[in-house]
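Spelled out, the chains give:
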Amino acid sequence: MNFELKPLSLVEAASEKCDVLLILLADGYKPAKDGFSAFVARAIKDGDAQTKAGKLLPLYKHPMTQATRVVLVGVGDGSAKQVRTGVIAAMASVKSETLKKLVLVFPNATTAPSVRSVVSALADASYSYNTTKSKAEESALRDVLLAASNASEVQATFERAVAVVDGVDLAKEWANRPANHATPTLLAKAAQGLAIKHSKITCEVLGPKEVAKLGMGAFMAVAQGSDEPLRFIVLKYSGAARSQAPTVLVGKGITFDSGGISIKPAAEMDEMKFDMSGAASVLGVFRTLATLKPAINVVGLIPSCENLLNGSAVKPGDVVTSMSGQTIEILNTDAEGRLVLCDALTYAERFKPHAVIDIATLTGACVVALGAVRSGLFSPDEALVKALSAAGDMAQDPCWHMPLDDEYGEGLKTSFADMANVAGRAGGAISAAKYLQRFTAKYPWAHLDIAGTAWKSGASKGATGRPVGMLVEYLLTPRAASLASK
Ligand code: BES
Ligand code: MN
Ligand code: ZN
C-alpha cells in the first residue's frame, strides 16, 4: 500500500479523485469558510453526523466532491484510541473490491498520535493473508492519501508510522504462515533475505552442529523430537559505531508447538503455528529498521525449531545441560519456550548488550491474566520497565508490568537438577519469567509474554503483528531521554 501525506484543507481534499473520502470529525469541529465545510457543520448540527467515535454518515457522489463515496467519521475526542475506533468502523463500512484509492482528511489540524493511529488502523483494516491460497484475495486498496493542513508538522511521525506498518505486516505474514510453510529453515531464509536486501543488516544462521558445539543442550532437547532441523538465527542491524552497545531482541521461534510427549489436546492445536510470533516480531522490527536507518545497533536472536514427538523426543524427567552450565529437569515438554530461550539468553551475553528483551508466546497463564489487550512485561530493571511501558502506550501496543518476587520461583526447585522447567499452575506466567531470569544476570533484561496479544482466535483468526510497534518505539526513543525520565 502507498501512503502519502499532503497539506490539504477539507475542501481541497474533497476535490481529489478517489473511491472513498473519509472525513474525520472530532469534538469541537471548526468549519472553514468554504461551502463544503459549512455543509459538514450543518450535518453535525442537524445530528445526522456525529463526532462520537465510530459514528458514520455515508454519502454517495456528493456534488461538492470528486469522491465516489464519502463517509463522515466520528473520532470523539481525537485521541489515538478514538481515532482508531472511528477509522476501523469506517473501513468496515466501505470494504469492497472497488476501493482502490482512499483519501482521509483531518479537517482541522492533526496531531502525531492521530496520524500514527490512522496509518496503523488503515493498514490493519486492509491487511489480508494470501500466501497459501490458490487465488489471492488481495485487498484492492492501493493508494492512501492523508490530508491535513499542518502536514509538515507531522511528516516525521507519518514516515515512522508507515515504516512500522511494513514491519507489522511482515510479522503478520510469517506468524500467519502454517508450520509447513514456515519451518525453521524457511524462517532463516526470510532473515537472510532481509540481510541481502538491506546494507545495514547482516545475518548468520547456525544449524544443529554449531548449536551442539555451543553447548545449547536445552534448545537441542526441544528440537530432537522433530525431523525438521533447528536453526539459530543471528541478525545484526548496525546503524551506529561499533562501540555503541546493542539492544538484543530474542524471539521465540517454535514453528509448531504440539507440546511434545506432554502433548496438547487437539482442540485449537492449529493455533500453535503462531508459536513463532516472537521470532516474527523480530523480523518485523528489522524490516522497519532497514527503512528508517536509525543510528543505533540492534541484534536479533531467534532460536527456532518444532516441538514435536518422535522416538528420540525428550521425555518428562530428562535432565539436560544448558549453555550456561546450569542443568534443567524437563518435567513438562510443553514448557519448551523457556528451554529454547534460555540458551539464546546465554548467547546474548557475548554482545555486552545495553539491554536484552525476549519476546515469546510463552504461557497460557498470561492469556488468563491479561487477555488480548496487554502483553505481559516482566523485568527487574526499573528504567526498562518505564521505557517499554511508555513505548507500548505510545504505539497503542500496550503491556502491563508483572511481578518477579523470588517466591514465585520457588516451585522450580527439584532434587534432580539445578532447576525444573515448570513450577505449579498458580502464577504460571510469573514462574516462567522467574525461570528465564536465571539466565540473565549479566545484563539489563526484560521479558514480554505475548501469548494473548500475538494473534486473534475465532472468526477473525490471524496474527496481529504485535509487539513490533512497541519495540520500534522503544528502540527509537533516545536512550538519554529514557534514562533522564528514570
Ligand atoms: N506456546 C505455549 C503457550 C501458549 C498457550 C500460548 C496457549 C498461547 C496460547 C507454551 O509453549 C506452553 O505450552 N506453555 C505451557 C506451560 C506449562 C506446561 C507450564 C502452558 O502455558 O500451558
Ligand atoms: Mn508448549
Ligand atoms: Zn510454546
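Computed from a prediction, not measured in an experiment: that's the story for all the values here. (Residues numbered from 1 in each chain as written. Chains lettered and ligands numbered in written order. Predicted model: local features only at pLDDT ≥ 70, side-chain atom pairs only at ≥ 80, totals over all residues. Heavy atoms only, no water.)

Considering the overall build of the protein chain
Regarding its fold elements, the protein chain presents 15 helices and 20 strands. Overall size of the protein chain, expressed as C-alpha extent along the three principal axes, is 80 × 50 × 45 Å. With 486 residues in all, the protein chain has 55% of them scored as buried. Within the protein chain, residue pairs in contact and separated by at least 24 positions form 77% of the contacts whose partners lie at least 6 positions apart. As displayed, the protein chain has an accessible area near 20200 Å², and 53% of this comes from carbon and sulfur atoms. Here the protein chain contributes 51 positively and 47 negatively charged side chains, and the mean placements of these two sets differ by 4 Å. (Helix = DSSP H or I, 4+ residues; strand = E, 2+ residues; numbered from the N terminus. Buried < 20%, exposed > 50% of the residue type's maximum accessible area, 1.4 Å probe, protein only. Contact = heavy atoms within 4.5 Å. Areas by Shrake-Rupley, 256 points an atom, 1.4 Å probe, with all protein chains shown as cover. Lys, Arg positive; Asp, Glu negative; His and termini not counted. Charge placed at Lys NZ, Arg CZ, Asp CG, Glu CD.)

Let's talk about the sheet that holds strand β17 (residues 419–420)
If you walk across this open sheet you meet the three strands as β12-β13-β17, and the pairing is mixed. Sheet topology places β12 (318–321) and β17 at the edges, where each strand pairs with a single neighbour. In this sheet, β17 lies alongside strand β13 (residues 327–330) in parallel orientation, the contact comprising two bridges. The residue bridging Glu329 from the neighbouring strand is Ala420, located in β17. (Pairing = 2+ DSSP bridges.)

Points about the coordination of the manganese ion (ligand 2)
The protein atoms that coordinate the manganese ion (ligand 2) are Asp257 (OD), Asp334 (O), Asp334 (OD) and Glu336 (OE), at distances spanning 2.1 to 2.2 Å. Considering all six donor atoms around the manganese ion (ligand 2), angles at the metal cover 71 to 168 degrees and the coordination shape is irregular. Site description for the manganese ion (ligand 2): donor spacing in sequence, D-x76-D-x1-E. Taken as a pair, the manganese ion (ligand 2) and the zinc ion (ligand 3) lie 3.2 Å from each other and share Asp257 as a ligand. In this pair, Asp257 sits in strand β10 (residues 253–257) while Glu336 sits in the loop between β13 and α10 (337–347), placing the two residues 79 residues apart along the sequence. Look at Glu336 and you get buried, because its relative accessible area is 1%. (Donors = N, O, S within 2.8 Å, 3.2 Å for Na, K, Ca; no water. Tetrahedral: all angles 85-135°; square planar, octahedral: opposite > 155°, others 65-115°.)

Brief notes about the packing of aromatic side chains
Following the criterion strictly, the structure yields six aromatic pairs and no others. A centroid spacing of 4.9 Å and a plane angle of 70 degrees characterise the contact between Phe232 and Tyr347, whose relative ring orientation is edge-to-face. In this pair, Phe232 is assigned in strand β8 (residues 231–238) and Tyr347 in helix α10, connecting sequence segments 115 residues apart. On the numbers, 5.0 Å between centres and 15 degrees between planes, the contact of Phe274 with Trp455 is stacked. A residue pair is termed long-range when its members are at least 10 positions apart, and Phe274 in the loop between β10 and α9 (277–292) and Trp455 in strand β19 (residues 455–456) qualify at 181 residues. Taken together, Phe219, Phe232, Tyr347 and Phe351 form an aromatic cluster joined through their ring pairs. Its end group placed over the ring of Tyr127, Lys172 keeps NZ or CZ at 4.7 Å from the ring centre. (Phe/Tyr/Trp six-rings, centres within 6.5 Å; stacked < 30°, edge-to-face > 60°. Lys NZ or Arg CZ within 6 Å of the ring centre and 35° of its normal.)

Quick notes on the site of ligand 1
The full set close to ligand 1 counts 16 residues, and Lys264, Asp275, Asp334, Glu336 and Gly364 are the nearest of them. For ligand 1, an oxygen atom lies 2.8 Å from a polar atom in the side chain of Lys264. One nitrogen or oxygen atom from the side chain of Asp275 is found 2.9 Å from a nitrogen atom belonging to ligand 1. If ligand 1 stood free it would expose 510 Å²; the protein chains cover 76% of that surface. For the shell around ligand 1, the class distribution of residues is five nonpolar, four polar and seven charged. (Near = heavy atom within 4 Å. Polar contact = N/O pair within 3.5 Å; in protein donor to acceptor, adjacent residues only side chain to side chain. Nonpolar A, V, L, I, M, F, W, Y, C, P; charged D, E, K, R; others polar.)

Structural notes on a nonpolar patch on the surface
A cluster of nonpolar side chains, namely Ile261, Ile263 and Leu309, defines an oily patch on the protein surface of about 250 Å² accessible area. Relative to the helices and strands, Leu309 is located in the loop between β11 (297–307) and β12. Leu309 sits in the partly exposed class, given a relative accessible area of 36%. (Patch = residues over 30% accessible without salt bridge, like charges linked within 9 Å, V, L, I, M, F, W, Y side chains within 5 Å. Salt bridge = Lys/Arg side-chain N within 4 Å of Asp/Glu carboxyl O.)

Some points on the sheet that holds strand β4 (residues 67–74)
With mixed pairing, the six strands of this open sheet are ordered in space as β1-β6-β5-β2-β4-β3. Strand pairing shows two members of the sheet lacking a second neighbour, β1 (2–6) and β3 (56–60), which therefore form its edges. Adjacent strand axes in the sheet meet at a mean angle of 15 degrees when their direction is disregarded. Relative to strand β5 (residues 101–106), strand β2 (residues 18–25) runs parallel, the two being bridged by four bridges. Bridged to Leu22 within β5 is Leu104. Across the sheet, helix α3 (residues 80–94) is in contact with β2, β3, β4 and β5; its angle to β4 comes to roughly 145 degrees. Running at roughly 160 degrees to β5, helix α4 (residues 112–126) makes contact with β1, β2, β5 and β6 (143–148) of the sheet. (Axes fitted to C-alpha atoms, helices over the stretch in contact; angles between N-to-C directions.)

So, the coordination of the zinc ion (ligand 3)
In the first shell of the zinc ion (ligand 3), the protein supplies Lys252 (NZ), Asp257 (OD), Asp275 (OD) and Glu336 (OE), at 2.0 to 2.4 Å from the metal. Around the zinc ion (ligand 3), the six donor atoms are arranged such that angles at the metal cover 79 to 176 degrees; this shape is classified as octahedral. Positions of the donor residues of the zinc ion (ligand 3), expressed as sequence spacing, correspond to K-x4-D-x17-D-x60-E.

A few points about the packing of helix α12 (residues 382–394) against helix α14 (residues 468–476)
Look at α12 against α14: their axes get within 8 Å of each other, and the N-to-C directions meet at 125 degrees. Here α12 lies oblique to α14, going by the angle between them. In the packing of α12 onto α14, the handedness of the crossing is right-handed. Taken together, the residues of α14 that come into contact with α12 (itself represented by Leu384, Ala387, Leu388, Ala391, Gly392 and Met394) are Met470, Glu473 and Tyr474. Tallied by class, the residues present in the contact of α12 with α14 amount to seven nonpolar, one polar and one charged. (Parallel < 35°, antiparallel > 145°, perpendicular 65-115°, else oblique. Left-handed = near helix turned anticlockwise from the far one by under 90°.)

What to know about unusual backbone geometry
Working note: non-glycine residues mostly have negative phi, and peptide bonds are mostly trans. Cis geometry marks the peptide bond from Arg466 to Pro467; its omega dihedral reads 0 degrees. Considering the arrangement of structural elements, one finds Pro467 in the loop between β20 (462–463) and α14. You will see that Glu268, though not glycine, has its phi angle at about 60 degrees, which is positive. With respect to the helices and strands, the residue Glu268 is situated in the loop between β10 and α9. Looking at Glu268, the relative accessible area reads 56%, which means it is exposed. For Lys293, which is not glycine, the phi torsion reads 50 degrees and is therefore positive.

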